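Residues per chain are reported as follows:
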Amino acid sequence: CKYVIRYMDDIVILHHSKGFLHWLKRKMDDYLWEELELTIKENWQVFPTGIRGVDYVGYRHFYNFKLLRKSTCKKYKKRMLQIKAKMDAGEKLTYSEWCSANSYLGWVGWCDGYRLTQKYFTPIKEYLDEYYITEIKERKVS
């Protein structure tokens, strides 16, 4: 196999032949059971990747771009909108919210998420920066 990607217990094998992938799956089943007494989870799939991409380690990977997984993207949008609503209401940010926003920013930074960042993160960036300066940086100095 030319393209095998593995991370912990997840594996992706890319090949142009569906028949080959099914044959390889049978060989893997045989080896894993006979040598290690292990089985592959029942949710394995063989599918064309051109249109739907490969959902792997939190992202949907396509030939020349990568997007956040849909469920992660929905949570990101919801969380950023909650923080924006709090900002608009003049309420104080919590440390957990500040951490959450920065964590999501890190996730989006590894994919093609420029528009997501512009729409959901940029409007609250100053609010987050202000929290850092007044709450976190001040605690380090004291």
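An account of the accompanying structure is given in this report.

What counts and what doesn't
- Residues numbered from 1 in each chain as written.
- Predicted model: local features only at pLDDT ≥ 70, side-chain atom pairs only at ≥ 80, totals over all residues.
- Heavy atoms only, no water.
- Helix = DSSP H or I, 4+ residues; strand = E, 2+ residues; numbered from the N terminus.
- Expected span 1.5 Å × (residues − 1).
- Buried < 20%, exposed > 50% of the residue type's maximum accessible area, 1.4 Å probe, protein only.
- Arc of directions from axis to C-beta.
- Contact = heavy atoms within 4.5 Å.

## Remarks on helix H3 (residues 70–88)
Item 1. The terminal C-alpha atoms of H3, which comprises 19 residues, lie 27 Å apart, in line with the 27 Å expected from a rise of 1.5 Å per residue.
Item 2. When we look at burial in H3, the residues that qualify are Thr72, Cys73, Tyr76, Met80, Ile83 and Lys86. Each buried residue of H3 sits inside an arc of 155° when the element is viewed along its axis, so together they form one side. In this structure, H3 carries Lys70, Lys74, Lys78 and Asp88 as exposed residues pointing more than 90 degrees from its buried face.
Item 3. Just downstream of H3 lies glycine 90, where phi reads positive at about 75°.

## Describing the environment of leucine 24
Item 1. Turning to its location among the elements, leucine 24 is positioned in helix H1 (residues 18–36).
Item 2. For the pair leucine 24 and cysteine 1, spaced 23 residues apart in sequence, the C-alpha to C-alpha distance is 9.4 Å.
Item 3. Setting aside residues up to four positions removed in sequence, leucine 24 forms contacts with Cys1 and Ile13.

So, to be careful, I would describe these as geometric facts and stop short of saying anything about function.
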